[in-house]
Amino acid sequence: MLKATSGFTTDRASQYLQQMSKHFAHKTSVEFTETDSVAAIGVSTARMTACGHLLSFVAESPDAEALAECKDVIERHIIRFAFREELKALDWTETAE
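Throughout what follows, the structure given in this document is the object of discussion.

Rules behind the numbers
Residues numbered from 1 in each chain as written. Predicted model: local features only at pLDDT ≥ 70, side-chain atom pairs only at ≥ 80, totals over all residues. Heavy atoms only, no water. Helix = DSSP H or I, 4+ residues; strand = E, 2+ residues; numbered from the N terminus. Rg over C-alpha atoms; globule rule 2.2 N^0.38 Å. Buried < 20%, exposed > 50% of the residue type's maximum accessible area, 1.4 Å probe, protein only. Contact = heavy atoms within 4.5 Å. Areas by Shrake-Rupley, 256 points an atom, 1.4 Å probe, with all protein chains shown as cover. Lys, Arg positive; Asp, Glu negative; His and termini not counted. Charge placed at Lys NZ, Arg CZ, Asp CG, Glu CD. Pairing = 2+ DSSP bridges. Axes fitted to C-alpha atoms, helices over the stretch in contact; angles between N-to-C directions. Core = buried A, V, L, I, M, F, W, Y, C linked by side-chain atoms within 4.5 Å.

Some thoughts on the overall build of the protein chain
Then, in step 1: Check the secondary structure of the protein chain and you find 2 helices and 6 strands.
Then, in step 2: Along the protein chain, helices (α) and strands (β) appear in the sequence β-α-β-β-β-β-α-β when read from the amino end.
Then, in step 3: Relative to the compact-globule value of 13 Å for 97 residues, the protein chain shows a C-alpha radius of gyration of 12 Å, a close match.
Then, in step 4: Across its three principal axes, the protein chain shows a C-alpha extent of roughly 35 × 25 × 20 Å.
Then, in step 5: Each of the 97 residues in the protein chain was classed as buried or not, and the buried ones make up 39%.
Then, in step 6: Within the protein chain, counting contacts between residues at least 6 apart in sequence, those at least 24 apart form 56% of the total.
Then, in step 7: Taken as a whole, the protein chain presents about 5,600 Å² of accessible surface, with 50% of it coming from carbon and sulfur.
Then, in step 8: In the protein chain, 10 side chains carry a positive charge and 15 a negative one; their mean positions are 7 Å apart.

Take a look at the structure:
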């Protein structure tokens, strides 16, 4: 299993988590609260956590291609939803488990 993590600080961490979760729920299975979310992105799992001002992302995938797709979906959506933050890209750290 491959894993990638990223995140950023914002005053709207919970708001963005919920907004993205509701959006993803139109196309895939999503379970979320105000602070945690788990969504299926293809064969991958996307996890989001809002803890205070930190919004964290974890993408878990069986292979590199699926991981790249999951990261891309997360990144494109958070950049669009968090336009006030002026994000250009997320800084991802990848590991193999």
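Next, the rest of the story.
Looking at the side chain of S6
Then, in step 1: With respect to the element layout, S6 can be found in strand β1 (residues 2-9).
Then, in step 2: By relative accessible area, which is 10% here, S6 ends up buried.
Then, in step 3: Setting aside its immediate chain neighbours within four residues, S6 contacts L55, S56, F57, L90, D91 and W92.

Focus: the sheet that holds strand β5 (residues 54-61)
Then, in step 1: With antiparallel pairing, 6 strands are arranged side by side in an open sheet as β2-β3-β4-β5-β1-β6. Each edge of the open sheet carries a strand with a single partner, namely β2 (30-32) and β6 (93-96). Strand after strand, the sheet turns through a mean of 15° between neighbouring axes, direction not considered.
Then, in step 2: Where strand β3 (residues 36-41) lies against strand β4 (residues 44-51), 6 bridges are found, and the strand directions are antiparallel. Bridge pairing links V38 to R47 in β4.
Then, in step 3: Where helix α1 (residues 13-24) meets the sheet, it contacts β1, β2, β3, β4 and β5, and its direction lies at approximately 155° from that of β4.
Then, in step 4: Across the face of the sheet, helix α2 (residues 64-81) comes into contact with β1, β3, β4, β5 and β6 while running at roughly 155° to β5.

Focus on the nonpolar core
Then, in step 1: One finds F8, M20, F24, L55, F57, I74 and I78 to be the most contacted residues of the largest nonpolar core, which totals 26 residues.
Then, in step 2: For this core, the secondary structure elements donating two or more residues are β1, α1, β3, β4, β5 and α2.
Then, in step 3: For this core, the element with the highest residue contribution is α2, accounting for 6 residues.
Then, in step 4: Non-local contacts of F57, meaning those with residues more than four positions away in its chain, are made with A4, T5, S6, G7, F8, M20, R47, M48, I74, I78, L90 and W92.

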